[in-house]
Amino acid sequence: QLQFVESGGGLVQPGGSQRLSCAASGFALPNSGITWFRQAPGKGREAISCITSDGITHYKDDVEGRFTASRDNAKNTVYLQMNSLKPEDTANFFCAAAGACPVHFVGFLLPPQISGYHYWGLGTQVAVSS
């Protein structure tokens, strides 16, 4: 099945930076909104950013100003630059595509909502700890 491949995670100290990649595996980057999610241990999956097909970005309040999403269609890749990382950012990060970016970034994604996104990969783990 078609999946995104997330990469770039690792261990980083609080206040540090990390850049995540979301690559289309075996297919072209979809011409749709692509959302980054994080899922902390024992918690649900929450949307934190989205980038439209035109490169317009949207962010959850607690990552606004710290995270920056971008896309490179030639490389079939979406990126998430994460700065000023906090311990609460510790999570498995996923990317997925839908027709449009969400209007709100509040709460955890419900199972039916998860099904509304496509090309889920295995995620990449980010651990923010001193």
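Within every chain, residues take consecutive numbers counted from 1 along the sequence as written. At least 70 in pLDDT is required for a residue's local features to be given in this predicted model, at least 80 for side-chain atom pairs to be given and counted, and no such filter applies to totals for whole chains, interfaces and linings, which use all residues. Excluding hydrogens and water, the side-chain figures rest on all heavy atoms present in the structure.

Participant: I would appreciate a short explanation of the overall build of the chain in the present structure.
Facilitator: Broken down by element type, the chain carries one helix and 10 strands. Secondary structure elements follow DSSP: runs of H or I no shorter than four residues count as helices, runs of E no shorter than two count as strands, and numbering proceeds from the N terminus. For the chain, the succession of helices and strands along the chain, N to C, is β-β-β-β-β-β-β-β-β-α-β. Once the C-alpha set of the chain is aligned to its principal axes, its extents read approximately 40 × 30 × 25 Å. Working definition: with a 1.4 Å probe on protein chains only, accessible area under 20% of the residue-type maximum means buried, over 50% means exposed, and in between means partly exposed. Counting the 130 residues in the chain, one finds 46% classified as buried.

Participant: Sorry if this is basic, but what is going on with the nonpolar core here?
Facilitator: The nonpolar side chains of a soluble globular protein tend to be buried, and buried together. We define the nonpolar core as a collection of buried residues of types Ala, Val, Leu, Ile, Met, Phe, Trp, Tyr and Cys that are connected through side-chain atoms lying within 4.5 Å of one another. Core analysis: the largest hydrophobic core is formed by 25 residues, its most contacted members being Phe4, Ile34, Trp36, Phe67, Leu80, Met82 and Phe93. Of all the secondary structure elements, the ones that give two or more residues to this core are strand E3 (18–24), strand E4 (33–39), strand E5 (45–51), strand E7 (67–72), strand E8 (77–82), strand E9 (91–98) and strand E10 (124–128). With four residues, E9 is the single largest residue contributor to this core. Grouped together as the second largest cluster of nonpolar side chains are 11 residues, Phe37, Cys50, Leu109 and Trp120 included.

Participant: Before we go on, may I ask you to explain the environment of isoleucine 51 in this structure?
Facilitator: Relative to the elements of secondary structure, isoleucine 51 occurs in strand E5. The exposure class assigned to isoleucine 51 is buried, which follows from its relative accessible area of 2%. Along the primary structure isoleucine 51 and valine 63 are separated by 12 residues, whereas in three dimensions their C-alpha atoms are 14 Å apart. In this description, contact between two residues means that some pair of their heavy atoms is separated by no more than 4.5 Å. Discounting residues that sit within four places of it in the chain, isoleucine 51 has contacts with Ser32, Gly33, Ile34, Ile56, Thr57, Ala69, Ser70, Arg71, Val78 and Cys101.

Participant: Please clarify how the environment of phenylalanine 105 should be interpreted in this entry.
Facilitator: Position of phenylalanine 105 among the secondary structure elements: in the loop between E9 and helix H1 (111–115). Linking phenylalanine 105 and glycine 10, residues 95 residues apart in sequence, is a C-alpha distance of 24 Å. Apart from residues no more than four positions distant in its own chain, phenylalanine 105 is found in contact with Ala47, Ile48, Ser49, Cys50, His58, Tyr59 and Lys60.

Participant: What is the right way to look at the pattern of salt bridges in this model?
Facilitator: Side chains bearing opposite charge may pair, as long as their charged atoms lie close to each other. Every case where a carboxyl oxygen of Asp or Glu lies within 4 Å of a side-chain nitrogen of Lys or Arg is listed as a salt bridge. Within this structure, the stated rule accounts for six salt bridges. Among the salt bridges present, the one from aspartate 89 reaches arginine 66, with a minimum N-O distance of 2.8 Å. Of the two residues, aspartate 89 is situated in the loop between E8 and E9 and arginine 66 in the loop between strand E6 (57–59) and E7; the sequence distance between them amounts to 23 residues. You'll find aspartate 89 and arginine 66 in the same group, each marked buried. Where salt bridges share partners, they join Arg38, Glu46, Lys60, Asp62, Arg66 and Asp89 into one cluster.

Participant: What exactly am I supposed to notice about the sheet that holds E9 here?
Facilitator: As a general point, the strands of a sheet are linked pairwise by backbone hydrogen bonds and lie either parallel or antiparallel. Here six strands make up an open sheet; going across it, the order is E2-E10-E9-E4-E5-E6 and the pairing mixed. Across the chains shown, the open sheet's two edge strands, defined by having one partner strand only, are strand E2 (10–12) and E6. Pairs of neighbouring strands in the sheet enclose a mean axial angle of 30°, with direction left out of account. Here a strand pair is declared whenever DSSP counts at least two bridges between the two strands. Pairing analysis gives three bridges linking E2 to E10, with the strands arranged parallel. Residue valine 12 lies in a different strand from E10, and its bridge partner there is valine 128. Helix axes are fitted to C-alpha atoms over the stretch in contact, other axes to C-alpha atoms as well, and angles between N-to-C directions run from 0 to 180 degrees.

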